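# Structural overview for review
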Amino acid sequence: CCRCCRRRFMCCRERPYPRASKSWQRKGAAVFYILFGLGMMGGCLAMYIVGGNVASGASNLFCRVALMADEVINGSPQAPDFLGIDQTTLTMQNLTRTMDRDGERMDR
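Residues numbered from 1 in each chain as written. Predicted model: local features only at pLDDT ≥ 70, side-chain atom pairs only at ≥ 80, totals over all residues. Heavy atoms only, no water.

## Re a nonpolar patch on the surface
Where nonpolar side chains cluster on the molecular surface, the patch consists of Val31, Ile34, Leu35, Leu38 and Met41 and spans about 520 Å² of accessible area. In this structure, isoleucine 34 sits in helix α1 (residues 23-74). For isoleucine 34, a relative accessible area of 53% puts it in the exposed group. (Patch = residues over 30% accessible without salt bridge, like charges linked within 9 Å, V, L, I, M, F, W, Y side chains within 5 Å. Areas by Shrake-Rupley, 256 points an atom, 1.4 Å probe, with all protein chains shown as cover. Salt bridge = Lys/Arg side-chain N within 4 Å of Asp/Glu carboxyl O. Helix = DSSP H or I, 4+ residues; strand = E, 2+ residues; numbered from the N terminus. Buried < 20%, exposed > 50% of the residue type's maximum accessible area, 1.4 Å probe, protein only.)

Here it is as structure tokens:
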């Protein structure tokens, strides 16, 4: 505060001892800590239970991505999800030949 009061007023005086808490404050803090602790344990239990499903889903995702990448590069002869780059290249070449202005098909 200010030097003129020499710490005599209540606003500037330092407290020589900690303020005693009331019983309702102690009980409220205890209830809060108990509820918070139970909530944290419940959250940990839920994450433990769901963690197996998440790990299984992530493993399935990475397997699927690896399969798709392999089919993009090499193609897949049986039940392909993606026909590979060769099929796409062939389709684009056919489209280019069909749309060619100077080609035989555009003259008809």
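## Section: the packing of aromatic side chains
This structure, assessed with the given rule, holds two aromatic pairs. On the basis of an interplanar angle of 20 degrees and a centroid distance of 6.0 Å, the ring pair of phenylalanine 32 and phenylalanine 36 is categorised as stacked. Here phenylalanine 32 pairs with phenylalanine 36, and both are found in helix α1, just four residues apart, close to one helical turn. One aromatic cluster is present, built from ring pairs that chain together Phe32, Tyr33 and Phe36. (Phe/Tyr/Trp six-rings, centres within 6.5 Å; stacked < 30°, edge-to-face > 60°.)

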